Amino acid sequence: MAVETGQQMQQLYQQFGELPGVVIELHKALLAVHIHNEAATATVFLQGAQLSQYQAKGRPASIWCSDSCDYKAGSPLRGGIPICWPWFGDFNRNPTTVQASVPHTQDQVPSAHGFVRNQDWLLEDIKAVDDNCTILTLSLAIAAGEHTHWPHATRLEAVFTISTHLTITFSVHNLSEQTVHFTNALHTYLPVADISQTQVTGLANCRYLDCLDDWREHHQKGDLLFNGETDRIYYDAADPIIVKEDDKPSIKLHSSGSKSTVVWNPWIDKAERLSQFDSQDYLSMLCIETANIGEDAVELAPQQRHQLTVTISTAL
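The shown structure was predicted, so the numbers you read here are calculated from the model rather than taken from an experiment.

Colleague: Help me get a handle on the layout of surface pockets, residues and values and all.
Modeller: Taken as a whole, the largest pocket holds about 500 Å³ of empty space. If you go around the largest pocket, you meet 25 residues; those closest to its centre are Gly89, Ala112, His113, His187 and Trp264. Listed by contribution, the elements that provide at least two residues to the lining of the largest pocket are β17 (230-235) and β20 (260-265). Taken together, the residues of the lining of the largest pocket break down into 12 nonpolar, 6 polar and 7 charged.

Colleague: Would you mind going over the sheet that holds strand β6 (residues 122-130) in detail, with residue names and values included?
Modeller: In spatial order, the strands read β6-β7-β8-β9-β23-β19-β18-β13-β16; together these 9 strands make up an open sheet with antiparallel pairing. Each edge of the open sheet carries a strand with a single partner, namely β6 and β16 (224-225). Sheet topology note: the strand β18 (residues 241-245)/strand β19 (residues 248-256) ladder contains 4 bridges and is antiparallel. Paired with isoleucine 241 across the bridge in β19 is leucine 253.

Colleague: Pulling in residues and values, what's your account of the nonpolar core?
Modeller: If you look at the biggest cluster of nonpolar residues, it comprises 77 residues, and the most contacted ones within it are Leu51, Trp85, Trp121, Phe160 and Ile162. Core analysis: the next-biggest nonpolar cluster, separate from the first, contains 10 residues, Cys84, Ile233, Val262 and Ile293 among them.

Colleague: Just give me the short version of the packing of aromatic side chains, but keep the residues and values in it.
Modeller: Scanning the entire structure with this criterion turns up 11 aromatic pairs. Plain terms: the ring middles of tyrosine 208 and tyrosine 234 are 4.8 Å apart, the flat faces sit at 40° to each other, and that makes the pair tilted. One end of the pair, tyrosine 208, is in strand β14 (residues 207-210); the other, tyrosine 234, is in strand β17, with 26 residues separating them in the sequence. Residue class for tyrosine 208 comes out buried when judged on its relative accessible area of 8%.

Colleague: Can you lay out the sheet that holds strand β2 (residues 30-36) for me, pointing to particular residues and giving the numbers?
Modeller: Strands sit in the order β1-β2-β3-β4 across an open sheet of 4 strands; the sheet is antiparallel. Two strands lie at the open edges of the sheet, namely β1 (22-27) and β4 (50-56), each paired on one side alone. Here the strands of the sheet are splayed against their neighbours by 15° on average, with no regard to which way each runs. In this structure, β1 lies alongside β2, joined through 6 bridges in antiparallel fashion. Following the sheet pairing, histidine 27 is matched in β2 by leucine 30.

Cut-offs used in this document
- Residues numbered from 1 in each chain as written.
- Predicted model: local features only at pLDDT ≥ 70, side-chain atom pairs only at ≥ 80, totals over all residues.
- Heavy atoms only, no water.
- 1 Å grid on protein atoms, 1.4 Å probe; cavity = no way out; pocket = protein on both sides within 12 Å on 5 of 7 lines; lining within 4 Å.
- Points joined across faces, edges and corners; volume = space filled by probe spheres on them.
- Helix = DSSP H or I, 4+ residues; strand = E, 2+ residues; numbered from the N terminus.
- Nonpolar A, V, L, I, M, F, W, Y, C, P; charged D, E, K, R; others polar.
- Pairing = 2+ DSSP bridges.
- Core = buried A, V, L, I, M, F, W, Y, C linked by side-chain atoms within 4.5 Å.
- Buried < 20%, exposed > 50% of the residue type's maximum accessible area, 1.4 Å probe, protein only.
- Phe/Tyr/Trp six-rings, centres within 6.5 Å; stacked < 30°, edge-to-face > 60°.
- Axes fitted to C-alpha atoms, helices over the stretch in contact; angles between N-to-C directions.

Dropping the structure here:
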């Protein structure tokens, strides 16, 4: 264990180690906070402010994370809820306004999903509200000119409420003197027993862009079912979105500050090519991502704040 990691772990123990239900953990190279209260358990990594596990007491797990994760510094986990910002997916597919806010050249196109997924965030606070509710706050300060692909002074904050349900609020505070544009997503991986027997309600009659059909626009007819690779951006989805399987507890997602919903499953061929992902993992996971993408890119004026929130609950 590196001296720096060891010192950081010791500091976190001194700050938070005596709080009820709080354990500071080391997963290979990555530090995490594990929460256990009367209502639920959860694990949040400092790298990327990425939650990897959440389970309400007496209910199945609500979050999926691959057993093939390598827990290496600079490598976002495959699963949980990665935070994607200030662009989503393929950089070149982001609106021109977003690309203009991100310095780049055609020879050095930024990698997918932004850069905050592999940054070390600051664990600012852990608050035990009561026996059934614990709130974690993590932040990432970006000074003007500090980052190659984001020269604007900005403060990011991720707040995790661990209770009978899971709520995550991702805030962006523009501290610069100019308007900025970005796309964002809470890239949520959900567990399913069998993707071929899974259906998603709340998307019927929505228009969507099919990323596997050259981003052409289509309209959803009825509930969404799965029989192959799926990569779609839905607009104006219902609230909540519900993931259902026969004889299994459903998972419900409520959101705010979000106008786009991404649905993704890599299926057979792509599963073979993904890092930190077993070739059979596609059978037991589904991404439903709370987002602002494409035409829903956020325009944020100086000194203003934008919040993106998702609440996830599992039926009994």
